[in-house]
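Observations on chain architecture
Here is how the chains run, residue by residue.
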Amino acid sequence: MDIAALAMSMKQTELIQDVSLAMTKKMMKFQQENAEQIVEVIEASHPFLGQTIDISV
């Protein structure tokens, strides 16, 4: 394999890794936003959730 082909192959691999990392970051951000929305819905439907503890002995 000549130098030019090797350089092109390495650059293509680097591009693929960069795109994959960017997509992973975007999906993580999307999942974080979904989790925050779920927490908001739960808190809105149960405003006193976690405020008291029922115990009996």
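Refer to the preceding data block for the structure.
What comes next concerns the included structure.

How each quantity is defined
- Residues numbered from 1 in each chain as written.
- Predicted model: local features only at pLDDT ≥ 70, side-chain atom pairs only at ≥ 80, totals over all residues.
- Heavy atoms only, no water.
- Helix = DSSP H or I, 4+ residues; strand = E, 2+ residues; numbered from the N terminus.
- Rg over C-alpha atoms; globule rule 2.2 N^0.38 Å.
- Buried < 20%, exposed > 50% of the residue type's maximum accessible area, 1.4 Å probe, protein only.
- Areas by Shrake-Rupley, 256 points an atom, 1.4 Å probe, with all protein chains shown as cover.
- Salt bridge = Lys/Arg side-chain N within 4 Å of Asp/Glu carboxyl O.
- Patch = residues over 30% accessible without salt bridge, like charges linked within 9 Å, V, L, I, M, F, W, Y side chains within 5 Å.
- Lys, Arg positive; Asp, Glu negative; His and termini not counted.
- Charge placed at Lys NZ, Arg CZ, Asp CG, Glu CD.

1. Topic: the overall build of the protein
Along the backbone of the protein there are one helix and zero strands. Over its C-alpha trace the protein gives a radius of gyration of 24 Å, far above what one expects of a compact globule, namely 10 Å for 57 residues. Overall, the protein is about 80 × 25 × 10 Å in size when its C-alpha atoms are taken along their principal axes. Within the protein, the proportion of its 57 residues that are buried is 0%. For the protein, the exposed area adds up to about 5800 Å²; of that, 64% sits on carbon and sulfur atoms.

2. Regarding the pattern of salt bridges
Per the counting criterion, the structure on display carries one salt bridge. The partner of Glu14 in a salt bridge is Lys11, and the shortest N-O contact between them spans 3.6 Å. One end of the pair is Glu14 and the other is Lys11, both in helix H1 (residues 3-45) and three residues apart, which spans about a single turn. A relative accessible area of 55% means that Lys11 is categorised as exposed.

3. Quick look at a negative patch on the surface
Where like charges cluster on the molecular surface, the negative patch consists of Glu33, Glu36, Glu40 and Glu43. Along the chain, the position of Glu33 falls in helix H1.

4. What to know about the environment of Ala22
Summarising the element assignment, Ala22 is placed in helix H1. According to the relative accessible area criterion, Ala22 is partly exposed, its value standing at 45%. Residues Ala22 and Thr52, 30 residues apart in the sequence, show an inter-C-alpha distance of 43 Å.

5. Digging into a nonpolar patch on the surface
A cluster of nonpolar residues, Leu15, Val19 and Met23, forms a patch on the protein surface that exposes about 290 Å² of accessible area. As for its placement among the helices and strands, Val19 is situated in helix H1.

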